[in-house]
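Inside the fold
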Amino acid sequence: ADSAAYFLSDSMINLYKNPILWTAENQISSDSIRIFLTETSIRQMDLIRNAFMISTDSIGNHNQMKGRLMNVYFAQNNINYIDINGNCESIFHFLDETDTMLLGINKLITSNMTIRFEQNEIKNFTIYKNPEGRFIPPHEITEADKTLNGFNWIGDQRPTLQDIYIKPQPVTPNES
């Protein structure tokens, strides 16, 4: 994020100007993000304006969800469910039972959606208000079908524990 603010009285962290977070296999981005904490974990995360979540499946496809507002709810430090409100779009890659072969892509547009997770994987989802969708078999998939507008996967920039715990090198002034 460009900037962050922690509010002790509310146990809330605000991230401003296009923050990006990672949780498990998910990359999460938005114009701003509000994180609500408990004493030991994250309780809820609100992605405000241009919310976008990308996850990578076992063969490297990028499942995507986006909307105007995304509320992410946690239980035992894992995503429990997500509510997407306003201009909801998604792309899900369906794999065979061995998770090694693509069966097709499901593209969906709707106003609102709830996605429920179990062990960091999508368990099911509920679609609200006049959904429009189509399933695209593998032989009909084009490059344009693979991403939503605003897609920006930057998994190579994801911080590692080593990045967090590396001591910064001292800066020496230039000698003139």
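The structure contained in this document is the topic of the report that follows. In this text the structure is predicted, and so the values were computed from the model without any measurement. (Residues numbered from 1 in each chain as written. Predicted model: local features only at pLDDT ≥ 70, side-chain atom pairs only at ≥ 80, totals over all residues. Heavy atoms only, no water.)

To continue, consider the overall build of the chain. Helix and strand counts for the chain come out as 1 helix and 11 strands. Each helix (α) and strand (β) of the chain, taken in turn from the N terminus, gives the series β-β-β-β-β-β-β-β-β-β-β-α. Considered along the principal axes of its C-alpha atoms, the chain spans approximately 65 × 40 × 30 Å. Put simply, the chain has 176 residues, and 38% of those count as buried. (Helix = DSSP H or I, 4+ residues; strand = E, 2+ residues; numbered from the N terminus. Buried < 20%, exposed > 50% of the residue type's maximum accessible area, 1.4 Å probe, protein only.)

Looking now at unusual backbone geometry. Positive phi, close to 65 degrees, is recorded for Arg49, a residue that is not glycine. Of note in this structure, Asn87 is not a glycine but carries a positive phi near 50 degrees. Along the chain, Asn87 falls in strand β8 (residues 78–95).

Right, let's talk about the layout of surface pockets for a bit. Here the largest pocket is characterised by a volume of approximately 620 Å³. Put simply, the parts of the chain that give the lining of the largest pocket at least two residues each are β6 (42–56), β7 (62–75), β8 and β10 (121–128). It is β8 that contributes the most residues to the lining of the largest pocket, 4 residues altogether. Among the residues making up the lining of the largest pocket, the classes are represented as 8 nonpolar, 7 polar and 4 charged. In this structure, the second largest pocket occupies an estimated 270 Å³ of space. Lining of the second largest pocket is provided by 16 residues; of these, Ser29, Asn50, Ala51, Phe52 and Gly150 occupy positions nearest its centre. Listing elements by their share of the lining of the second largest pocket, those giving two or more residues are β4 (26–29), β6 and β7. Looking at the lining of the second largest pocket residue by residue, the classes come out as 3 nonpolar, 10 polar and 3 charged. (1 Å grid on protein atoms, 1.4 Å probe; cavity = no way out; pocket = protein on both sides within 12 Å on 5 of 7 lines; lining within 4 Å. Points joined across faces, edges and corners; volume = space filled by probe spheres on them. Nonpolar A, V, L, I, M, F, W, Y, C, P; charged D, E, K, R; others polar.)

Read these as geometric descriptors, not functional statements.
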